[in-house]
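# Close look at the chain arrangement
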Amino acid sequence: MAYSLNNKIFALLTLLLLCFNCKNETEAKPTEEKKEKPELIMHKPSEMANFMNGMYAYNMQIKQQIINGEIPASMPLDLMKLHSAEMSNGHARTPVWNSFVNVFIESQQSVVDTLSNVELKERYNATINNCLACHKTECTGPIPKIKKLLIQ
Ligand code: HEC
């Protein structure tokens, strides 16, 4: 009695093991293929990310000029790219983006407006605060880095 029960259990276990084996064999191939393809494409920075890094570098330079007492007079960035550049996955021109982008463009242009009667440092810091305003909802990662652009 006990012997035949053990036998049945043994047979069942063997069957189960065989089942797992077939499963493993059929599943092994697709997962291997999955791993190889997409990762090669993923880490290329988007056109927008490149442009953002360009704006960062430009404003770092302007900050240094202002600290040195110089008056920056040229703004070589093509800010219209903000309306056209392709963005990376997960980012888009949301209503929030649209509500911030033109305000930002105007403030960035005002930094080199030599006829303005607002103090240069104030115009510059307002620009950086506009970077931060959009970043608070649209892309929080670079916020600590952008804060370093502010002139204390
Ligand atoms: C209107 C919204 C908005 C404004 C204004 C804005 N940003 Fe961005 N920024 C974004 C979004 C969205 C991304 C993500 C873009 C992507 O990954 O395609 C981004 C990405 C970045 C990045 C990361 C780039 C990378 O390598 O992934 C930096 C740095 C950055 N911005 C700095 C700035 C600075 C400096 C300013 C102001 C001079 C600024 N941003 C103004 C929305 C904005």
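What comes next is a walk through the structure. (Residues numbered from 1 in each chain as written. Predicted model: local features only at pLDDT ≥ 70, side-chain atom pairs only at ≥ 80, totals over all residues. Heavy atoms only, no water.)

A word on the overall build of the protein chain. Per the secondary structure count, the protein chain includes seven helices and zero strands. Helices (α) and strands (β) of the protein chain occur, in sequence order from the N terminus, as α-α-α-α-α-α-α. Within the span of the protein chain, comprising 152 residues, buried residues form 28% of the whole. Sequence-distant contacts, at least 24 apart, represent 63% of the contacts inside the protein chain between residues at least 6 apart. (Helix = DSSP H or I, 4+ residues; strand = E, 2+ residues; numbered from the N terminus. Buried < 20%, exposed > 50% of the residue type's maximum accessible area, 1.4 Å probe, protein only. Contact = heavy atoms within 4.5 Å.)

Geometrically, a metal with four donors at the corners of a regular tetrahedron has ideal angles of 109.5 degrees, and one with six donors at the corners of a regular octahedron has ideal angles of 90 or 180 degrees. Coordination of the iron atom of the ligand by the protein involves Met52 (SD) and His135 (NE2), with metal-donor separations of 2.0 to 2.3 Å. Residue Met52 is classed as partly exposed on the basis of its relative accessible area, which comes to 25%. (Donors = N, O, S within 2.8 Å, 3.2 Å for Na, K, Ca; no water.)

In this section: helix H5 (residues 95–110). For H5, which comprises 16 residues, the first-to-last C-alpha distance of 24 Å matches the rise-based estimate of 22 Å (1.5 Å per residue) to within 8%. Along H5, the residues that are buried comprise Trp97, Val101, Phe104, Ile105, Ser107 and Gln108. Looking at the packing, one finds that the buried side of H5 touches helix H3 (47–67), helix H4 (81–84) and helix H6 (120–138). (Expected span 1.5 Å × (residues − 1).)

This brings us to the site of the ligand. Around the ligand, the structure places 24 residues, and the nearest of them are Met52, Ser88, Cys131, Cys134 and His135. Within the side chain of Ser46, a nitrogen or oxygen atom sits 2.7 Å from an oxygen atom of the ligand. A distance of 2.7 Å is found between an oxygen atom of the ligand and a side-chain nitrogen or oxygen belonging to Ser88. Elements with a contribution of two residues or more to the shell around the ligand: H3, H5 and H6. No other element matches the seven residues that H3 contributes to the shell around the ligand. Split into classes, the residues belonging to the shell around the ligand amount to 15 nonpolar, eight polar and one charged. (Near = heavy atom within 4 Å. Polar contact = N/O pair within 3.5 Å; in protein donor to acceptor, adjacent residues only side chain to side chain. Nonpolar A, V, L, I, M, F, W, Y, C, P; charged D, E, K, R; others polar.)

The next subject is the packing of H5 against H6. Contact geometry of H5 with H6 gives a least axis separation of 9 Å together with a crossing angle of 165°. If you check the angle between H5 and H6, you find them roughly antiparallel. Our pair here, H5 against H6, has a crossing hand that is left-handed. Taking contact as the criterion, the partners of Val96, Trp97, Phe100, Val103, Phe104, Ser107, Gln108 and Ser110 in H5 are, on H6, Arg123, Ala126, Thr127, Asn130, Cys131, Ala133, Cys134, Thr137 and Glu138. Taken together, the residues that form the contact of H5 with H6 break down as nine nonpolar, six polar and two charged. (Axes fitted to C-alpha atoms, helices over the stretch in contact; angles between N-to-C directions. Parallel < 35°, antiparallel > 145°, perpendicular 65-115°, else oblique. Left-handed = near helix turned anticlockwise from the far one by under 90°.)

Bringing the side chain of Asn125 into the picture now. Along the chain, the position of Asn125 falls in helix H6. With residues near it in sequence (within four places) discarded, Asn125 still touches Leu150 and Ile151.

Next up on the list: the packing of aromatic side chains. According to the stated counting rule, one finds zero aromatic pairs in the structure shown. The residue whose ring lies beneath Lys145 is Tyr56, and the NZ or CZ to ring-centre distance is 4.6 Å. (Phe/Tyr/Trp six-rings, centres within 6.5 Å; stacked < 30°, edge-to-face > 60°. Lys NZ or Arg CZ within 6 Å of the ring centre and 35° of its normal.)

The next subject is the packing of H3 against H5. The contact between H3 and H5 brings their axes to 14 Å, and the two run at 35°. The chirality of how H3 crosses H5 is left-handed. Side by side, H3 and H5 meet where Met48, Met52, Met55, Tyr58 and Asn59 of the first sit next to Trp97, Phe104 and Gln108 of the second.

With respect to the element layout, Thr127 can be found in helix H6. By relative accessible area, which is 0% here, Thr127 ends up buried. Counting along the chain gives 20 residues from Thr127 to Ser107, while the straight-line C-alpha distance between them is 5.1 Å. Once residues within four sequence positions are removed from consideration, Thr127 is found in contact with Phe104, Ser107, Gln108 and Val111.

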